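Architecture and fold: a report
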Amino acid sequence: MNYMKEYKRWLDSPCLSEAEWSCLKEIAENEKEIESRFYAPLEFGTAGLRGIMGVGLNRMNIHVIRWTTQAFAELILSEGEEAKEKGLIICYDCRVNSDVFAKEAASVAAANGIKCRIFDSLRPTPELSFAIRHYGAIAGINVTASHNPKEYSGYKVYWSDGAQLPPQHAQKIADTMSKLDMFKDVKRMPFEEAVQKDLISILGEETDEIFLERVLEMSISSEPVKKLGENFAVVYTPFHGTGYKLIPEVLKRIGVKNIYPEPKQTEIDGTFPTVISPNPEDPEGFYLAIELAEKKDADLIIGTDPDADRIGVLVKHEGEYRQLSGNQIGLLLLDYIINLKRENGTLPENAAVITTIVTSKMAKVMAEDNGIHLDETFTGFKFIAEKIAEYENDNSYDYQLAFEESYGYMFGDFVRDKDAVTAALLITEMAAFHLQNGRTLFDAMDMLYEKHGFFREKTVNIAMEGLEGVSKRRALMEHFRNSPPDEIVGFKVVGVKDYQSGEITVPGLGKVGHTHIMGSDVLVFDLIEGSSLVIRPSGTEPKVKVYMLLSGKSKEELEKKEERLLEFAESLKE
């Protein structure tokens, strides 16, 4: 694409506001900035769009939102009249412009004759997934950039099953966008006019209540919470986002008497003034919650990202607040759910757990030790949702928990995406259960290591931003795909899985088999003594992720392995 030609096309468009036009005029002498904004459109994939907000083709703004929604509307229209009636459900988070973008999307859909329901204010991602299924909508849109920094916005798209868009539909939208002129081919209707014509309706607290009822049905045992009573306290931070209302309410309803929302971070603010990045994976963001927890002598700290699909947990252990990893939370939940349901007679004989190919190897060992079926998918809950649909169609397995290492967890049949609201409920019950038995969640984790073996995981993110970053990410993956190493920092490579081609190779032997799934840009290097190193480009951010999935005979051995592999991961940044 000729970025300068596209820049001038935008400058000449009558669709731009005076402020947008002035913004573009200001960069007239800055070719590098023009290139950055106009070298290509944001790539539409199964996760929709995500990018930095600003004026330009490669930015998130109302023109890109309208253009994308027009293409999405044409996909819905191709499904027939019934699809128009089933309509869209639209949700948004706390970010700057989220409400504006959501209304723009609704207006374009309405102009195409598609009925829309839009929430009256910001809501968690899992509630959107639930609402699509509950109301029988054909699709959904969520204006969110999840845990990305404040400069970002996003446009996530869902289909009728409440899961993110299937690949074939995503491709159809991308193809349609390439044929549409974003300024000339988009149908629009004023939002208020669409409301008056009953093309847009508003969802409110009635949907919250139905959703909360389903969340509370996932409770396994709230008795430990009630028995601990005043002796159990939880601090919660929504990181300025959508969990501020429903999560404290859920904890209150299961009997938590002392629930303390962190006041500064409970304020809705898309500039995230108290954190660099509103990511519950990052322990630095919990400093205010830790201060409050110390004052209140809390047992547990819970934090959710701005759209409340991911959840982070800190536990008071030996006088300090320590953070559990995403893998550890999932493994603890797996143990808790299986064993308590087995005790109370509610664990089905065909129980299953679903994880991903970059999740802790310990999950598979625990499932085998407990006689539970386990499946691994690619990273992303759209793939997990596909596996659940397969279970339902085959009447084969009844999944009890799905999780991935990046702090995402899903339960039940009422959502098909990460659900931090239900996770908050079950993590709180689980923490109370272990406290009642005289141990913290870290003590419980140590018990699992002693029972199932020692495992350790570490993820390193290698940022590669901008147009240059696209080439760097591609070159890095091509290098390791075409010239796989025989050893990595002294660890012999005993096998290579290329999940793009599906080939499994062994150094010295060549191709020996196929992976159980294929079609994703992921390389796995299996190392001697049962550990693995995984390299994959992020699907939502300009970075390459390196995962270390380690196993060994002791914590000390794993620490030494991690130290050596960290050197390798850090070398990739050079």
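Above this text sits the structure in question.
Residues numbered from 1 in each chain as written. Predicted model: local features only at pLDDT ≥ 70, side-chain atom pairs only at ≥ 80, totals over all residues. Heavy atoms only, no water.

Remarks on a negative patch on the surface
What counts is decided by this rule: Patch membership is restricted to residues that have no salt bridge and whose relative accessible area is over 30%. Joining uses 9 Å for like charges and 5 Å for the nonpolar side chains Val, Leu, Ile, Met, Phe, Trp and Tyr. Surface accessibility follows the Shrake-Rupley procedure with a 1.4 Å probe radius. Residue values consider only the protein chains on display as shielding. Here, a salt bridge means any side-chain nitrogen of Lys or Arg that lies within 4 Å of a carboxyl oxygen of Asp or Glu. His residues and chain termini do not enter the charge count, which takes Lys and Arg as positive and Asp and Glu as negative. Working definition for charges: the position is that of NZ of Lys, CZ of Arg, CG of Asp or CD of Glu. For helices the rule is a DSSP run of H or I covering at least 4 residues; for strands it is a run of E covering at least 2, with both sets numbered from the N terminus onward. We call a residue buried when its accessible area falls under 20% of the maximum for its residue type, exposed when it is over 50%, and partly exposed in between, using a 1.4 Å probe and counting protein chains only.
Among the surface-exposed residues, Glu-556, Glu-559, Glu-563 and Glu-567 lie close enough to one another that they form a single negatively charged patch. Positionally, Glu-567 belongs in helix H21 (residues 555-571). Since its relative accessible area comes to 53%, Glu-567 is described here as exposed.

A short note on the nonpolar core
The nonpolar side chains of a soluble globular protein tend to be buried, and buried together. Keep this limit in mind: We call a set of buried Ala, Val, Leu, Ile, Met, Phe, Trp, Tyr and Cys residues a nonpolar core when their side-chain atoms join them within 4.5 Å. Pairs of residues are marked as contacts when any of their non-hydrogen atoms sit within 4.5 Å.
Core analysis: the biggest nonpolar cluster contains 101 residues, and Leu-333, Tyr-409, Phe-411, Phe-525 and Leu-533 have the highest contact counts within it. With near-sequence residues (within four places) excluded, Phe-411 lies in contact with Met-218, Leu-333, Ile-337, Tyr-399, Gln-400, Leu-401, Asp-419, Thr-422, Ala-423 and Leu-426. In this structure, Trp-10, Ile-65, Leu-122 and Leu-292 belong to the second largest nonpolar core, which totals 71 residues.

Considerations on the environment of Pro-283
The residue Pro-283 is located in the loop between helix H13 (263-266) and helix H14 (287-296) in this model. Along the chain, Pro-283 and Pro-348 lie 65 residues apart, while their C-alpha atoms are 37 Å from each other.

A few points about the packing of aromatic side chains
Stated precisely, the cut-off is as follows: Two aromatic rings from Phe, Tyr or Trp, using only the six-membered ring of Trp, form a pair when their centres are within 6.5 Å; if the ring planes differ by under 30 degrees the pair is stacked, by over 60 it is edge-to-face, and anything between is tilted.
Scanning the entire structure with this criterion turns up 15 aromatic pairs. Between Phe-239 and Phe-286 the ring centres are 5.3 Å apart and the planes differ by 80°, which places this aromatic pair in the edge-to-face class. Taken together, the residues Phe-239 in the loop between strand S7 (233-237) and helix H12 (246-253) and Phe-286 in the loop between H13 and H14 connect sequence positions 47 residues apart. Phe-286 carries the same exposure label as Phe-239, and that label is buried. When the ring of Phe-378 is compared with that of Tyr-499, the centres are 5.8 Å apart and the planes differ by 85°; the resulting orientation is edge-to-face. Taken together, the positions of Phe-378 in the loop between strand S13 (373-377) and helix H17 (381-394) and Tyr-499 in the loop between strand S18 (491-498) and strand S19 (503-506) put the pair 121 residues apart, joining distant regions of the chain. Across the pair, Tyr-499 and Phe-378 agree in class, each one buried. In textbook terms, an aromatic cluster arises when at least three aromatic residues are bridged by ring pairs, as seen for Tyr-7, Trp-10, Phe-38 and Phe-183.

Comments concerning the environment of Lys-187
Its place among the elements puts Lys-187 in the loop between helix H8 (167-179) and helix H9 (191-196). As a C-alpha pair, Lys-187 and Ala-111 span 76 residues in sequence and 5.6 Å in three-dimensional space. With sequence-adjacent residues up to four places away left out, Lys-187 is seen in contact with Gln-70, Val-108, Ala-111 and Asn-112.

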